[in-house]
Amino acid sequence: MKGEVYQVALAGGLETRLPQSPESAGRAENLRVDRRTGGWSTRVGYEPYMVAQVAAGSWAPYTSANTAPIDLGPIYSLHISQALAGGARQETFFEADGNLYLQYEAAGNPTGLLELASGRAVPAPTQASSWYTDTPYGVVITNGVNRPILVNPWPLDDFANAVTAVTTDDRIARPLGYLAPPTAIRPHRTRTVDSTASPPITPDPPGGDATTIWMPSQARAISDGGRWGLGRQDNSTGTAYGASSKFGYAVSFISSTGSESPASSLGVATWQIPPGVEGYRYAVALDVPLGPVGTVARKLYRTANFADDAPAEDDTTLYFLDFIRNNVETVFIDAVRTPELGAQAPDIPIGPLPAPLAQFSALFQGCLFLDGGRGDGRTLYFSNPGLIEQFRTDSFIELSSQGGNVTGLFANYNSLLVFRERSIDVVTGDFATGFSVATLAFGVTCQAPHSIASVPGLGVVFLALDGVYAITGGQTGGAINDLIPLTSAQDEVVERITRDCHPKAVGAYSAELREYHLYVPVDGNDRPNLGLVLHVDRLNRDPSLSAWSTRDGFPVGALAVRYDGALVFGHNTGTEDDTGNSTNRGLFVISGRRSAGVTYDAPSQAFVYNGPLTSVYRSAWFDFGDAQIQKQVNYVTLWVITTGEPTITMRHYKDFDLSPVEERTYKAQPPDAVALPVFGTVVLDSGATYKTERLVPLRFSVAHMSAAWFCFEFETTEDLVLVGCEYEYTSKGTRVVAGVRA
């Protein structure tokens, strides 16, 4: 009897809900999209990013300056910064064992590590790891426990000199911003001239260092008389008789980012000219404090004369005086007349770093945004534009209480997405016109900040407690933001995620693979042990098909993207799971090489690639249109691309019974033509010629009784591409029996 045929032209991705689309898969594990056919390829694996052989018979992933091995525990944070296009200044940062490391490839020793900071907080399984933000001045690193730091390695020399620079020059990795104003300037006491005829000086005034630097007020005096000097020069008669001169000074620091610190409190200099003495003004000597690490200049401010009966009596308004363009000199001589002072100090003062325990940061509209940290989680602080360490005292946004604390920040085009415990907010505007905030969605919780990534064609993708979402659209030109669920058909996988360990989830988008990778802890694990991959090529080819697959056997602890789109991850166990020459430490790259990492063979001092990961494809549970009708499936045909001579064994299931029936094994060769020559096994110029891979049907006979539901499965470590499948079945119209009586 001739059967009916149902053809699946393109095998779909993972779908766990029931009933399932017949084009979807109940299981699609360790697969990637073959771009030529759109099918599923088994060319998936990972290998060491870079390896260092320390000595014969031993191995470590990295070496220090003296070639000593550096073993690493779990890598729980990772960031790859691109300082120049094309990876010319690629900088790889990661944390392990409480230390912050820099793998500085531009230094010429890619397996050497520079330790930038030690004693940093190690996040608990319920806490997110460090957050990295690229800025024009370096990378800002926050973690909610330690003070934010700013790292700018360029320009370092070769590796040996780079080690010296890191250990002796704190400017490469230094604290971000200023925690407090500088100490006040200490003016020297001014000794005055006591005679108009000649310049003998008065005795030292009490209370510290004293200087006399007098300036003739006569314009013809040598040299440049009348232009310089402070205070009154006429003290002999009239209302000025016996009057004082009184000036206040303040200083602020200028950092390597061009940012200004808060100004210090006033240091006051005062003196009085003896009665009857005129013709002299004075310069004031100042002891100026040095700034902390990262200070490159100091900015001096001064008041006008605010002594009693002076034109600016009691007016302590500050005006720009001068720059000290270094952080070395400690004495400054002020002889600038009040009319020659510069602009008035800002009306709204600059404050200290407002969030010394910030957990998240973002660069938006030229301003550095910081959350207030775990103790101030509903406040956003923002810097002046272009000045990432300069925060005005009124530059903050107080978020609504309903949304809870901030759980992540992500700048996207003309808006800043603020992820919170119970909502998602959007910040728009700019520094000049003012920032505003609105709620995009309420009731959506993202506690996995490292899962946030921008995916072309979709928007901003992230993991929420109830699945993966995409934020589409924008805030200008009539566009609106929308929130789209992406895993409605994969809830079974989402529900397996260890709820308290959502902060450990990591995600990234690879432009090379055109895939969004998400690695999550499932089934009670406290670190990622399952991957979810969204294949963007599948969305573009056929949006009706599921575009998801899973990854198993990838020990991902942290995830980042290189300049070329390659995905790099840090091992999630490291030395916690170490045996002898195990290579389960350090950084690895997700690649198309079909291997599960490498093993170091000590006798040969060589790395041996491990065997490939197992790829699994299980079709959807298919009822052929009516689950109440019994069907007899006779044949299943798999359409595969020939990639040598891999063998394929299929097994099948019926009616949700997971006891399989296994069929015979076939080679991936054309069944009705001469076998194609296999590369590496024949001599091509001896009668065998190279041919392009072919689409080959492998027809499996199915032997089981009638079924209402049917699915097939194969798992392999071979290299092959599954494109689609066909079902051939017959039905006599027999219906499923009535339910079991109670």
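Note: the structure precedes this text.
Only a predicted model underlies this, so the values are computations on that prediction, with no experimental measurement involved.

Enquirer: What is the right way to look at the overall build of the protein chain in this model?
Expert: Across its full length, the protein chain carries three helices and 58 strands. Summarising the internal contacts of the protein chain: among those between residues at least 6 apart in sequence, 62% fall at separations of at least 24. Carbon and sulfur atoms form 50% of the exposed surface of the protein chain, whose accessible area is close to 31500 Å².

Enquirer: I keep staring at the sheet that holds strand β18 (residues 186–187) and nothing clicks. Help me out?
Expert: By way of backbone hydrogen bonds, the strands of a sheet pair with one another, either parallel or antiparallel. Strand order across the open sheet formed by three strands is β18-β25-β28, with antiparallel pairing between neighbours. The open sheet is flanked by β18 and β28 (331–334), the only strands paired with a single partner. As defined by bridge partners, β18 adjoins strand β25 (residues 284–287) across two bridges and the pair is classed as antiparallel. Residue pairing in the sheet places P187 in a bridge with L286 of β25.

Enquirer: I would appreciate a short explanation of the side chain of E15 in the present structure.
Expert: Within the secondary structure, E15 sits in the loop between β1 (4–8) and β2 (25–29). One polar contact links E15 to R17, side chain to side chain, over a distance of 3.3 Å. Here the side chain of E15 touches S24 through a polar contact of 2.6 Å, side chain to side chain. When near neighbours in sequence (up to four residues on either side) are disregarded, E15 contacts Q20, S21, S24, A25, G26, A489, Q490 and S546.

Enquirer: In this structure, what is going on with the environment of W271? I would like to understand it.
Expert: Within the secondary structure, W271 is located in strand β23 (residues 267–272). Classification of W271 as buried rests on a relative accessible area of 4%. A C-alpha to C-alpha distance of 8.5 Å links W271 and G231, two positions 40 residues apart in sequence. When neighbours within four sequence positions are excluded, W271 is seen to be in contact with T190, T192, L230, G231, S244, S245, F247, Y282 and V284.

Enquirer: What's the story with the packing of aromatic side chains in this structure? I'm lost.
Expert: Across all of its chains, the model carries 31 aromatic pairs by this definition. With centroids separated by 4.3 Å and ring planes inclined at 45 degrees, the aromatic side chains of F624 and Y729 adopt a geometry described as tilted. Separated by 105 residues along the polypeptide, F624 in the loop between β52 (615–619) and β53 (632–641) and Y729 in strand β58 (residues 721–730) bring together distant segments of the chain. The same class applies to F624 and to Y729, which are both buried. Measuring from ring centre to ring centre gives 5.3 Å for F656 and W709, while their planes differ by 50 degrees; the resulting arrangement is tilted. Taken together, the positions of F656 in the loop between β54 (647–654) and β55 (657–667) and W709 in the loop between β56 (695–701) and β57 (710–716) put the pair 53 residues apart, joining distant regions of the chain. Among the residues examined, F656 registers a relative accessible area of 38% and is labelled partly exposed. Of the aromatic side chains, those joined through ring pairs into one cluster are Y6, F622, F624, F710, F712, Y727 and Y729.

Enquirer: Can you walk me through the sheet that holds strand β15 (residues 138–142) in this structure?
Expert: Spatial strand order, β14-β15-β16-β17: four strands in an open sheet with antiparallel pairing. Of all the strands in the sheet, the pair left with one neighbour each is β14 (131–135) and β17 (173–175). Each neighbouring strand pair of the sheet contributes to a mean axis angle of 25 degrees, computed without reference to strand direction. Of the strand pairs in this sheet, β14 and β15 are connected by five bridges, and their pairing is antiparallel. Residue pairing in the sheet places W131 in a bridge with T142 of β15.

Enquirer: Whenever I open this one, unusual backbone geometry confuses me. Can you help?
Expert: The phi torsion of most residues other than glycine is negative, and most of the peptide bonds are trans. The step from L18 to P19 runs through a cis peptide bond, and the omega angle for that step is -5 degrees. Along the polypeptide, P19 turns up in the loop between β1 and β2. Although it is not a glycine, D97 adopts a positive phi angle of roughly 55 degrees. Residue F656 is not a glycine yet carries a positive backbone phi of 65 degrees.

Enquirer: Please explain the pairing of strand β38 (residues 434–442) as it appears in this structure.
Expert: Taken residue by residue, a regular strand's side chains alternate between the two faces of the sheet. Note: strand β37 (residues 423–430) against β38, eight bridges, orientation antiparallel. Opposite I424, over in β38, you have A441 as the bridge partner. Adjacent in sequence and paired antiparallel, β37 and β38 are bridged by three residues.

Enquirer: Got a minute to help me understand the environment of T330 in this structure?
Expert: Relative to the assigned elements, T330 resides in the loop between β27 (319–324) and β28. A relative accessible area of 38% means that T330 is categorised as partly exposed. What T330 contacts, discounting residues up to four positions off in sequence, is L286, D287, V288, L290 and R298.

What counts and what doesn't
- Residues numbered from 1 in each chain as written.
- Predicted model: local features only at pLDDT ≥ 70, side-chain atom pairs only at ≥ 80, totals over all residues.
- Heavy atoms only, no water.
- Helix = DSSP H or I, 4+ residues; strand = E, 2+ residues; numbered from the N terminus.
- Contact = heavy atoms within 4.5 Å.
- Areas by Shrake-Rupley, 256 points an atom, 1.4 Å probe, with all protein chains shown as cover.
- Pairing = 2+ DSSP bridges.
- Polar contact = N/O pair within 3.5 Å; in protein donor to acceptor, adjacent residues only side chain to side chain.
- Buried < 20%, exposed > 50% of the residue type's maximum accessible area, 1.4 Å probe, protein only.
- Phe/Tyr/Trp six-rings, centres within 6.5 Å; stacked < 30°, edge-to-face > 60°.
- Axes fitted to C-alpha atoms, helices over the stretch in contact; angles between N-to-C directions.

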